[in-house]
Amino acid sequence: MDYPCVQMQEITVIDAFAAQPFSGNPAAVCLLDEPREDRWMQLVAREMNLPETAFLEPDAGGDVYRLRWFTPTVEVRLCGHATLASAHLLWEKRHLPPEAPARFHTLSGLLTATRQRDGWIQLDLPAEAVAQIDPPPGLAESLSVKPIFVGRTPAHFFIEVATEREVRQIQPDFTWLRSIAPGRVIVTSQADPGSGYDVVSRYFAPGVGVDEDPVTGSAHCALAPYWEPRLGRRELQAYQASARGGTLRMKREGTRVLVSGQALTIWEGRLFPS
């Protein structure tokens, strides 16, 4: 079909928290040329069928962007990897000079991203406290784990297990997890000695349409304040042990968490008018 004289919407897929292509967590980023309806954004996210699709819209001043994130089924309040991907796109496409921070108005308030000297991107995100709870019946069984700690954040169940091997071997019952609110769970342990990491984790979110998220920046908003006092260090190296895998740095700063990673553009395309 031909669309003469009609602007097509660019969309870019970026692997976030990735040092090489086809690893980390893929996000689609759409820099909007005009305001779009919520339903259109949700349909685009469903069509992309990635863990998150991010929509960027320049604010009135031009140096701050409105940023929203959609899974294939719902809009979410916070997404780290698609924020990292959005910042990467703004610098790569020269919408921002390389030394300028990327600033985003979001449902979680003002978020910023800065480029580090080693090429990593650092996100400033809100910290999330983890409160210990009695585990709901069936939670541990749905993951086939033996928890040594069970907690809740505002958005997730949070489970610590004894070994990295236990984290890596989880085979969740997604049907059960989908049936219990909030349908999202972080599972974590200390990393094996000599691995080069301090902490490992996996993240399951069938309640928002993503059975296993490959690398989850927002989960580290809870992992950093949880592990800091237990390990006695503010700066931690983390690995999310999904099939794709991803490396992060995290550091708590009061009520904020600094989460850092790398990003790579994988492909670019255009959405036909709809």
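Above this text you will find the structure in question.
Conventions we followed
- Residues numbered from 1 in each chain as written.
- Predicted model: local features only at pLDDT ≥ 70, side-chain atom pairs only at ≥ 80, totals over all residues.
- Heavy atoms only, no water.
- Helix = DSSP H or I, 4+ residues; strand = E, 2+ residues; numbered from the N terminus.
- Buried < 20%, exposed > 50% of the residue type's maximum accessible area, 1.4 Å probe, protein only.
- Phe/Tyr/Trp six-rings, centres within 6.5 Å; stacked < 30°, edge-to-face > 60°.
- Lys NZ or Arg CZ within 6 Å of the ring centre and 35° of its normal.

Colleague: What am I meant to see in unusual backbone geometry here?
Modeller: Peptide bonds are trans in most cases, and residues, glycine excluded, mostly fall at negative phi. Cis geometry is found at the peptide bond from A181 to P182, where omega equals 5°. Turning to its location among the elements, P182 is positioned in the loop between α5 (174-179) and β12 (185-190). Even without being a glycine, F22 presents a positive backbone phi close to 65°. With respect to the helices, strands and loops of the structure, F22 is situated in the loop between β1 (9-16) and β2 (25-31). Backbone geometry places S144, a non-glycine residue, at a positive phi of 55°. Structurally, S144 can be placed in the loop between α3 (139-143) and β10 (149-152).

Colleague: Could you clarify how one ought to interpret helix α6 (residues 220-231) in this entry?
Modeller: Within α6, 10 of the 12 residues are buried, which leaves the element mostly enclosed by the surrounding structure. Looking one or two places after α6, you find G232, whose phi comes out positive at around 75°.

Colleague: Looking at this structure, I do not really get the packing of aromatic side chains. What am I missing?
Modeller: Any pair of aromatic rings gets described here by the distance separating the centres and the angle formed by the planes. For the structure shown, the criterion picks out 8 aromatic pairs. Both rings, one in F149 and one in F158, keep their centres 6.4 Å apart while their planes meet at 80°; by these two values the pair is edge-to-face. When its relative accessible area of 0% is taken as the criterion, F158 is described as buried. Grouping aromatic residues by their ring pairs yields a cluster made of F149, F158, Y226 and W227. For R230, the ring lying beneath its charged end belongs to Y226, and the centroid distance is 3.6 Å.

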